[in-house]
Amino acid sequence: QVQLVESGGGLVQAGGSLRLSCAASGRTFSSYAMGWFRQLPGKEREFVAAINWSGGSTYYADSVKGRFTISRDNAKNTVYLQMNSLKPEDTAVYYCAANPQVAGMARPQDWGQGTQVTVSA
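Before going into details, it helps to say that this report is about the structure given with it. (Residues numbered from 1 in each chain as written. Predicted model: local features only at pLDDT ≥ 70, side-chain atom pairs only at ≥ 80, totals over all residues. Heavy atoms only, no water.)

The next thing to look at is the state of the cysteines. Under the definition given, this model contains one disulfide. Residue Cys-22 pairs covalently with Cys-96 via a disulfide, S to S 2.0 Å. Here the S-S torsion is close to 45°, and the disulfide linking Cys-22 with Cys-96 is therefore right-handed. Remark: Cys-96 occurs in strand β9 (residues 92-99) and Cys-22 occurs in strand β3 (residues 18-24); sequence separation between them is 74 residues. This pair shows no difference in class: Cys-22 is buried, exactly as Cys-96 is. (Disulfide = S-S within 2.5 Å. Helix = DSSP H or I, 4+ residues; strand = E, 2+ residues; numbered from the N terminus. Buried < 20%, exposed > 50% of the residue type's maximum accessible area, 1.4 Å probe, protein only.)

Pasting the structure below:
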């Protein structure tokens, strides 16, 4: 198992930026694919972005392409989500997740606790 702790959420105006971080425990972090999900108010949790073990391959939901960037620093056991040009409809609880491979990211093995992102108009 990988334990994940998120940080960086908060309140931002539309058009602004936030960077979320997720610190992972365990010596196997560098071999795991990582992802970000979000849960909008009253909605089911949805996929946002994913990154493979090396950082060479990334994947994004259509709703965030061109605005969000997922990255990782294996030396720091940390994954990031840079969010630019934020919109009110991005308001959600954001979760990081870990899985042995990107192909299985729809059903991650481990989840973080979630962090609130609120975008005001």
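Let us look at the side chain of Thr-78. Note on placement: Thr-78 falls in strand β8 (residues 78-83). Accessibility expressed as a relative area gives 10% for Thr-78, which makes it buried. Of note is the side chain of Thr-78, whose polar atom sits 2.9 Å from the backbone oxygen of Lys-76. Aside from chain neighbours lying at most four places away, what touches Thr-78 is Ser-21, Cys-22, Ala-23, Phe-29, Arg-72 and Asp-73. (Polar contact = N/O pair within 3.5 Å; in protein donor to acceptor, adjacent residues only side chain to side chain. Contact = heavy atoms within 4.5 Å.)

Before going further, it helps to examine the nonpolar core. Counting residues in hydrophobic clusters, the biggest one holds 29 residues, and the most contacted among them are Leu-4, Trp-36, Val-48, Phe-68, Leu-81, Met-83 and Tyr-94. Looking at this core, the elements that each hand over two or more residues are β3, β4 (33-39), β5 (45-51), β7 (68-73), β8, β9 and β11 (115-120). Core analysis: the next-biggest nonpolar cluster, separate from the first, contains five residues, Ala-33, Ala-50, Ala-97 and Met-105 among them. (Core = buried A, V, L, I, M, F, W, Y, C linked by side-chain atoms within 4.5 Å.)

Once that is clear, we can look at the sheet that holds β3. With antiparallel pairing, four strands are arranged side by side in an open sheet as β1-β3-β8-β7. Two strands close off the open sheet at either side, each with one partner strand: β1 (4-7) and β7. Ignoring strand direction, the axes of neighbouring strands in this sheet form an average angle of 15°. Bridge count for β1 against β3 is four bridges, and the pairing is antiparallel. Each residue of the ladder has a partner; that of Val-5, found in β3, is Ala-23. (Pairing = 2+ DSSP bridges. Axes fitted to C-alpha atoms, helices over the stretch in contact; angles between N-to-C directions.)

Summed over all chains, the structure comprises four salt bridges. For the salt bridge of Asp-62 with Lys-65, the shortest nitrogen-to-oxygen distance reads 3.1 Å. You can call Asp-62 exposed: its relative accessible area is 67%. A salt bridge links Arg-67 to Asp-90, with the shortest nitrogen-to-oxygen separation between them at 2.7 Å. Taken together, the positions of Arg-67 in the loop between β6 (58-60) and β7 and Asp-90 in the loop between β8 and β9 put the pair 23 residues apart, joining distant regions of the chain. Of the two residues examined, Arg-67 and Asp-90, each falls in the buried class. (Salt bridge = Lys/Arg side-chain N within 4 Å of Asp/Glu carboxyl O.)

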